[in-house]
Amino acid sequence: MTGLSEHDLDIRRRAREFTDTLIPYEVEAELAGGTLPAETTERFHQAALDSGLYATNIPESVGGRGFTSLQQVLVQEQVGRVTNGLAWCLHTPPQWWVEVATDEQLERWLRPAAAGHRHECYAITEEHAGSDVSDLATTARLDPTGSTGEPEYVVNGVKWHVTSYNLADYCFVQAVLTDGEHAGEHVLLVVDLPTSGIEVVRTPAYSHNIADHHPIVSFTDVRIPATQLVGQEGQGMTFTQDWFRFERVMVAARCVGAASRLLDEMTTFAGERVVGGQRLGDYQLVTAMLADSAAELYAARAALYETARAIDAGEDRKVLHARASMVKLLCSELAGRVADRAVQVFGGRGYMRENVAERMFRELRVERIWEGASEIQRVIVGQQLLRRGTAAVLGEG
Ligand SMILES: Cc1cc2nc3c(=O)[nH]c(=O)nc-3n(C[C@H](O)[C@H](O)[C@H](O)COP(=O)(O)OP(=O)(O)OC[C@H]3O[C@@H](n4cnc5c(N)ncnc54)[C@H](O)[C@@H]3O)c2cc1C
């Protein structure tokens, strides 16, 4: 691939080799509701740590791999080739925290997370606040003397879709301040799990079958020491925006990886399957599905790598925000179209859960919803075009 250094290519090769070892376990995971035997999961976790591809987004000074954005994309692209979330073991801890973590936060959560000993989850979304997180109802009230004589925030509210809550041992919770100078603004707090007052309301079933659940979680008079405030009061939204900018590019990378695997699999099938006396791939209506997928994938991957390079070049954050939205939109919509075509090319086999196209068809649907639905990405891009002009957003300068 043009423009990748030997080091980049080596990272991509190692990520590919690692994820190839996970693929044989997909059907077992799918049929077991997403969860593999504990010893298998532990083996994958250890192998992920040994691979040198864990915490690629965290600087080496904090115990991570300090990869460039392009290198992170190369790894996450391979992660996206695997279904049932099996490659989530190549975890990316909260890199946005590095700049603002206090010494206590660094030692207690961030370093252990980078080393693979701790695992986070995010409690941001609520029943009535998803796309518009500025509309949160969960509250945080500062009690200056707390239950221990030290200041504590008292948190109350109910969070939805808290991914990985069942596997995490700490949680970020975003809430609205009730009092003080920053009343009405947001705080982000970190809290260990379990903590008194944090309870699962229920664990709904979702389209995909993965080990990480997405329960609805209630916070009732949860007391969180003020030292567990991330950054400053009023900065809660800033971190959410930083997270979005990073994660949207990584969603795009995983979607490109998924589309790439699907194209491989459906091309192989179309080359071998004989229908009506000729290869499936020789029917031009089928060829068109392969060709459209290849052309769209080629373009989406180029845009993705270009965006990662712009991040590495330190371009303007607002412009990068729009580019992250563009590639998230482009790659997630592309992956959805490719998965739909893959099911069609596989025919009846494509509707069987043991077939990768069927699993991807379900799993990829959420990529157009989480980390901001496609409509939200369009709104962001449109606003940036009006504010900054097309040349800035498209990097034509
Ligand atoms: C599997 C899964 C895992 C998740 N994990 C987490 C997690 O770990 N932590 C967390 O906090 N959240 C999580 N989420 C929540 C996720 O981020 C939200 O579902 C998402 O942001 C959309 O919010 P919503 O579901 O409330 O949809 P709504 O905000 O109700 O929007 C519904 C639809 O309306 C449209 N829409 C909304 N606003 C606009 C607009 N301004 N213009 C045009 N159209 C619009 C879009 O099509 C959107 O899909 C997860 C969700 C899922 C499904």
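Residues numbered from 1 in each chain as written. Predicted model: local features only at pLDDT ≥ 70, side-chain atom pairs only at ≥ 80, totals over all residues. Heavy atoms only, no water.

A. How the structure looks around the pattern of salt bridges. Under the defined criterion, the tally for this structure stands at 28 salt bridges. The salt bridge partner of Glu26 is Arg261, with a shortest N-O separation of 2.7 Å. With Glu26 in helix H2 (residues 26-31) and Arg261 in helix H6 (residues 236-272), this pair connects stretches of sequence that are 235 residues apart. With relative accessibility at 2%, the residue Glu26 sits in the buried group. Between Glu358 and Arg362 there is a salt bridge, with its nearest N and O atoms 2.7 Å apart. Taken together, the positions of Glu358 and Arg362, both in helix H9 (residues 356-363) and four residues apart, correspond to about one turn of that helix. A cluster of three or more residues bridged by salt bridges with shared partners is formed by Glu104, Arg108, Arg118, Asp169 and Asp192. (Salt bridge = Lys/Arg side-chain N within 4 Å of Asp/Glu carboxyl O. Helix = DSSP H or I, 4+ residues; strand = E, 2+ residues; numbered from the N terminus. Buried < 20%, exposed > 50% of the residue type's maximum accessible area, 1.4 Å probe, protein only.)

B. Expanded view of the site of the ligand. Among the 16 residues in the neighbourhood of the ligand, the closest are listed as Thr125, Ser131, His161, Thr163 and Glu375. Between an oxygen atom of the ligand and a side-chain N or O atom of Ser131, the distance comes to 2.7 Å. Thr163 has a polar side-chain atom sitting 2.6 Å from a nitrogen atom of the ligand. Coverage of the ligand by the protein chains reaches 63% of its 960 Å² of free accessible surface. Per-class residue counts for the shell around the ligand are eight nonpolar, six polar and two charged. (Near = heavy atom within 4 Å. Polar contact = N/O pair within 3.5 Å; in protein donor to acceptor, adjacent residues only side chain to side chain. Areas by Shrake-Rupley, 256 points an atom, 1.4 Å probe, with all protein chains shown as cover. Nonpolar A, V, L, I, M, F, W, Y, C, P; charged D, E, K, R; others polar.)

C. Up close: the pairing of strand E5 (residues 186-192). In terms of burial, E5 is a largely internal element, seven of the seven residues being buried. Direction of pairing for strand E4 (residues 170-177) relative to E5: antiparallel, over a ladder of seven bridges. Bridge assignment links Tyr170 to a residue of E5, and that residue is Asp192. (Pairing = 2+ DSSP bridges.)

D. The arrangement of helix H3 (residues 38-50) in detail. Helix length check: H3, at 13 residues, gives a terminal C-alpha distance of 18 Å against a target of 18 Å (1.5 Å per residue), a fit within 8%. Within the sequence span of H3, burial applies to Thr40, Phe44, Ala48 and Leu49. Summarising the contacts, the buried residues of H3 are in contact with helix H1 (6-22). Note on H3: the residue one or two positions beyond its end, Gly52, has a positive phi of about 75°. (Expected span 1.5 Å × (residues − 1). Contact = heavy atoms within 4.5 Å.)

E. How the structure looks around the side chain of Gln228. Tracing the backbone shows Gln228 in the loop between strand E7 (216-225) and H6. Relative accessible area serves as the criterion here: at 6%, Gln228 is assigned to the buried category. In this view, Gln228 contacts Gln105, Arg108, Trp109, Leu188, Leu189, Val190 and Val191; residues no more than four positions away in its chain are not counted.

F. Expanded view of the packing of H1 against helix H4 (residues 69-79). Their axes nearest at 9 Å, the elements H1 and H4 cross at an angle of 20°. Judged by the angle between their axes, H1 and H4 are roughly parallel. Like other packed secondary-structure pairs, H1 and H4 cross with a definite hand, here right-handed. Residue-level inspection shows His7, Asp8, Ile11, Arg12, Ala15, Arg16 and Thr19 of H1 in contact with H4, the latter providing Leu70, Gln71, Leu74, Val75, Gln78 and Val79. (Axes fitted to C-alpha atoms, helices over the stretch in contact; angles between N-to-C directions. Parallel < 35°, antiparallel > 145°, perpendicular 65-115°, else oblique. Left-handed = near helix turned anticlockwise from the far one by under 90°.)

G. Layout of H6. In a regular helix each residue adds 1.5 Å, so 37 residues correspond to 54 Å; H6 covers 54 Å between its end C-alpha atoms and thus fits that length. Burial runs high along H6: 28 of the 37 residues are buried.

H. Focus on unusual backbone geometry. Of note, the amide linkage connecting Leu193 to Pro194 takes the cis form, showing an omega dihedral of 0°. Assignment of secondary structure puts Pro194 in the loop between E5 and strand E6 (198-202). For Asn84, which is not a glycine, the phi torsion comes out positive at approximately 60°. Relative to the helices and strands, Asn84 is located in the loop between H4 and helix H5 (103-114). The phi dihedral of Ser164 falls on the positive side, at around 75°, and the residue is not glycine. In this fold, Ser164 is placed in the loop between strand E3 (152-159) and E4. Its relative accessible area of 6% is what places Ser164 among the buried residues.

I. Region of interest: the packing of H6 against H9. Two numbers describe how H6 lies on H9: the axes approach to 10 Å, and their chain directions differ by 155°. Comparing their axes, H9 and H6 come out roughly antiparallel. In terms of crossing hand, the pair formed by H6 and H9 is left-handed. Taking contact as the criterion, the partners of Ala258, Arg261, Leu262 and Glu265 in H6 are, on H9, Val356, Ala357, Arg359 and Met360.

J. Representation of the packing of aromatic side chains within the structure. Evaluated as defined, the whole model comprises 14 aromatic pairs. Considering the side-chain rings of Trp88 and Trp370, the 6.4 Å spacing of their centres and the 45° angle between planes classify their relative orientation as tilted. With Trp88 in the loop between H4 and H5 and Trp370 in the loop between H9 and helix H10 (374-388), the pair connects residues that are 282 residues apart, well separated along the chain. With 4.9 Å between their ring centres and 80° between their planes, Trp97 and Phe172 make a pair best called edge-to-face. (Phe/Tyr/Trp six-rings, centres within 6.5 Å; stacked < 30°, edge-to-face > 60°.)

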